[in-house]
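Secondary and tertiary structure notes
Residue strings, one per chain:
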Amino acid sequence: MAMRSFASTSTLLLRARPCTFTLLCRHHSSGPPPIFAPSGSTSAHTEIPYAEPNLASSAYLPPQPSAPPPEQLSPEATQSTPLDLTPEQRRLLEEIIRVDQAGELGANLIYQGQHAVFARGKDKKLADIVQHMWDGEKKHIAVFDKLITQHDVRPTALYPLWKVAGFALGAGTALLGKRAAMACTEAVETVIGEHYNSQVEALLRTFPTNHPSIPLLRQILQEFRDDELEHLDTAVENESQMTPHHALLSALIAAGCRGAIGVSERV
Amino acid sequence: MASSVPQQLLRLALPLIPKSGFTAHSLQLASLSLPAPHTPPAPGYTTHTLNGLFPSPPPLPYTSTHSLSREELKADAQGSSLETERVGPAMALVQEWLAEGRRDMVGRIREVGVRGEAGVREGLRQRVRYNEPVLGQLVQALALLGAPTTTALSSPSALLPFPSPAPHLSHVARIAHDLAKVSGDESQGADWYLSRARLGTIYGLAELHLLSPSNALTPSERVESTLELVDTLLERSRSMQKSVEGAGAFAEWVGKSWMGMGRSLGL
Ligand SMILES: [Fe+2]
Ligand SMILES: [Fe+2]
């Protein structure tokens, strides 16, 4: 799994023009597809992937039966929430977890919507690319489901709405064609990547707590940020920027995402 | 842990409630047990001191029906106005008693070590029993919850001709949330809200039943019949929630129950 920093990926994007970019880069995201646990499901009604060793998210995912026993984190880190937070810190923590779960729910539904359309088309490779990104989102939502319970955070009240909106956005852009779907992914993942990045900074700035769940949360946000930027790369590699009215489409979708973020932080 | 004088005072007053009620008088008596150097001379803290420790606006008619004269304003600022009976101290005592009720409920579930539906049932039973020693004063206590804590200047809702339902809703919602949390509820999204709506409705109806005038019964008989009602409600709402066609019936049940409770609260 590539662990690139956000800064280097964005400069790369700024420099690369779409046509040269596609020639230079891999066809789609690297890494083998995840393996899913036989039971359990997430709040997006998706499977739960097994933990990948060495990733922060593995603290919240079931270990593979064949894998060597994972390095044990203290139960405090994964099962309790810090009680010594100021009201300001508490609010920040809750906003981060609430909005991220809502965002991952939306992302799952977007890819589900795109996949529903592409799976019926002739381009099986395209359906696979979308499936691969969707599988990544399943890990994200599975982890946030655990974090919501651990930190006792109220989920967004607009849960059903984000489900419908995400699916409609995914299916709608997929019906416009491959490039529009990829432009949607590009816009969404850019906003989400930036968002994770600012949350990592906010946590560093406002959280001088000793509670081990906070550094763990920060590592998870970093891991997910890098995952999202990989999705972003995949979209650009697949000609997202060659869609007609690319600037308009991505501006619209990005504005929609920012609006949804603003609402989900509070509601 | 060192706690503030108002906090200590509230805790000392809790055991006095069955005899002296949710009143400033209970707090006055409790002040005599404050550790040195805070112990006041007999007969304990004066009304003015208590009003200062637990501030609240002057009674409603006094603020809203006419604007204060210069003399009244001066008297009020000096804390020497004729109208010294304010709700602040009693209301603080009610809030502390409610918080203690939730701690007691949570402690019981942990002590028995049951989770899931069995944990919910144990917690609800404990919370219902917690009311028994103060059954006679309970209506007064819950009515106090609806008294305005703000003046019409800072919140126009203080002018409403009926008590605000928000504090009562939040008292029930907090019980429901603690029950869900401690019994290990991990529901996500809309289910998070549904499970809490169910528990809140059950406790709300149980409380209403407990308070309904039934002169023929002793307090412990009233508690017993309420515990039976809790079991019936748990059973009925669960079977409704489980069946697919029950979803609509469940929503209707929640809605109708709360309309009924609203009417009983005098709304
Ligand atoms: Fe994601
Ligand atoms: Fe993503």
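Residues numbered from 1 in each chain as written. Chains lettered and ligands numbered in written order. Predicted model: local features only at pLDDT ≥ 70, side-chain atom pairs only at ≥ 80, totals over all residues. Heavy atoms only, no water.

For chain B, the name recorded in an unreviewed UniProt entry is COQ9 C-terminal domain-containing protein, with Leucosporidium creatinivorum as its organism.

The following threshold applies: UniProt positions are given in the numbering used here, feature names are shortened, and annotations may be inferred rather than shown by experiment.
In the nomenclature of an unreviewed UniProt entry, chain A corresponds to 5-demethoxyubiquinone hydroxylase, mitochondrial from the organism Leucosporidium creatinivorum. Taken verbatim from the UniProt record of chain A, the Pathway (unreviewed entry) comment is "Cofactor biosynthesis; ubiquinone biosynthesis." Here chain A is described in UniProt, under the heading Subcellular location (unreviewed entry), as follows: "Mitochondrion inner membrane".

**A closer look at the overall build of chain B**
Let me state the cut-off plainly: Numbering of helices and strands runs from the N terminus; a helix is a DSSP stretch of H or I covering at least four residues, while a strand is a stretch of E covering at least two. Throughout, a contact is declared for two residues whenever any of their heavy atoms are within 4.5 Å.
A count of helices and strands for chain B gives 13 helices and zero strands. The secondary structure elements of chain B, listed N-terminal to C-terminal, are α-α-α-α-α-α-α-α-α-α-α-α-α. When contacts within chain B are restricted to residue pairs at least 6 apart in sequence, long-range pairs at least 24 apart make up 68% of them.

**Some words on the nonpolar core**
Worth spelling out the cut-off: Put simply, buried Ala, Val, Leu, Ile, Met, Phe, Trp, Tyr and Cys residues joined by side-chain atoms within 4.5 Å make one nonpolar core. Buried means the residue's accessible area, taken with a 1.4 Å probe over protein chains only, is under 20% of the maximum for its type, while exposed means over 50%, and partly exposed covers the values in between.
In this structure, B:L9, B:L27, B:W97, B:L124, B:V128 and B:W253 are the most contacted members of the largest nonpolar core, which totals 55 residues. At nine residues, helix α7 (residues 88-112) of chain B tops the list of elements feeding residues into this core. Beyond its immediate chain neighbours, meaning those up to four positions away, B:W253 contacts B:R198, B:T201, B:I202, B:L205, B:L233, B:R236, B:S237 and B:M240. Membership of the second largest hydrophobic core comes to 42 residues, among which are A:V99, A:V143, A:V200 and A:F224.

**Topic: the interface of chain A and chain B**
Rule in force here: Joining two parts hides part of their accessible area as seen by a 1.4 Å probe, and the buried area is that hidden amount summed over both.
Every contact between the two is made by 14 residues of chain A and, on the other side, nine residues of chain B. Buried surface at the junction of chain A and chain B, both sides included, amounts to about 830 Å², of which 57% is carbon and sulfur. Interface area lost by chain A to chain B is led by A:T149, A:D152 and A:P155, which between them contribute 50%. For the side of chain A that touches chain B, the secondary structure elements donating two or more residues are α5 (124-150) and α6 (159-176) of chain A. At four residues, the largest contribution of residues to the side of chain A that touches chain B is made by α5(A).

**Quick look at the packing of α6(A) against helix α7 (residues 178-206) of chain A**
Residues and elements named next belong to chain A. Convention followed: Here, axes are lines fitted to C-alpha atoms. For helices the fit covers the stretch in contact, and angles between N-to-C directions go from 0 to 180 degrees. Note on angle classes: values under 35 degrees are labelled roughly parallel, values over 145 roughly antiparallel, values of 65 to 115 roughly perpendicular, and the remainder oblique. Take the far helix as your reference; a near helix turned counterclockwise from it by less than a right angle gives a left-handed crossing, and one turned clockwise gives a right-handed crossing.
Viewed as axis vectors pointing N to C, α6 and α7 meet at an angle of 140°, and their least axial separation amounts to 5 Å. By the angle class used here, α6 and α7 are oblique. Handedness of the α6/α7 crossing: right-handed. Side by side, α6 and α7 meet where L169, T173, A174 and L176 of the first sit next to A180, A181 and C184 of the second.

**Focus on the UniProt feature "domain: COQ9 C-terminal" (unreviewed entry) in chain B**
Per the UniProt record, the feature "domain: COQ9 C-terminal" (unreviewed entry) sits at residues 169-214 of chain B. Its end C-alpha atoms 24 Å apart, residues 169-214 of chain B is made of 78% helix and 0% strand.

**Quick look at the coordination of the iron ion (ligand 1)**
All names here are of chain A. The condition is simple: Nitrogen, oxygen and sulfur within 2.8 Å of a metal are treated as its donors, or within 3.2 Å for sodium, potassium and calcium (Na, K, Ca); water is not counted, so a site can appear incomplete.
Within the first shell, the iron ion (ligand 1) binds the protein through E104 (OE), E104 (OE), E137 (OE), H140 (ND1) and E228 (OE), at distances of 2.0 to 2.6 Å. Each donor residue of the iron ion (ligand 1) lies on the same chain, and together they follow the pattern E-x32-E-x2-H-x87-E. The distance between the iron ion (ligand 1) and the iron ion (ligand 2) comes to 3.6 Å, with E137 serving as a donor to both metals. Of this pair, E137 sits in helix α5 while E228 sits in helix α8 (residues 213-237), and the two are 91 residues apart along the sequence. Residue E228 is classed as buried on the basis of its relative accessible area of 0%.

**Digging into the environment of B:S56**
Position of B:S56 among the secondary structure elements: in the loop between α4 (47-53) and α5 (60-64). With 75 residues separating them along the chain, B:S56 and B:N131 place their C-alpha atoms 26 Å apart.

**Remarks on the confidence of the model for chain A**
All names here are of chain A. Applicable threshold: What pLDDT reports is the predictor's confidence in each residue, on a scale of 0 through 100.
Summarising the model, chain A shows a mean pLDDT of 84, and 88% of its residues fall at 70 or more. The element-level mean pLDDT for chain A is lowest in helix α2 (residues 18-24), coming to 37, with α5 highest at 94. Confidence over residues 1-29 falls short of pLDDT 50; this stretch has 42 contacts with residues more than four positions distant or in other chains.

**Structural notes on the environment of B:Q95**
All names here are of chain B. For Q95, the position within the fold is in helix α7. The partly exposed category is assigned to Q95, whose relative accessible area is 36%. In this structure, the C-alpha to C-alpha distance between Q95 and L142, residues 47 residues apart in sequence, is 9.8 Å.

**Remarks on the pattern of salt bridges**
As a reminder of what qualifies: When a carboxyl oxygen of Asp or Glu lies within 4 Å of a side-chain nitrogen of Lys or Arg, that pair is called a salt bridge.
Applying the stated criterion across every chain, the model contains 24 salt bridges over all chains. Here B:K181 makes a salt bridge to A:D152, at a shortest N to O gap of 3.2 Å. Here B:K181 is found in helix α10 (residues 166-182), whereas its partner A:D152 is found in the loop between α5 and α6 on a different chain. Classification of B:K181 as partly exposed rests on a relative accessible area of 39%. In this structure, a network of salt bridges that share partners links the residues B:R11, B:E96, B:E100 and B:R103.

**Section: the confidence of the model for chain B**
Residues and elements named next belong to chain B. With 81% of its residues at a pLDDT of at least 70, chain B reaches an overall mean of 83. Averaged pLDDT values over the elements of chain B bottom out at 48 in α5 and peak at 96 in helix α8 (residues 116-130). Of the two predicted TM-score estimates for the complex, the pTM is 0.78 and the ipTM is 0.74.

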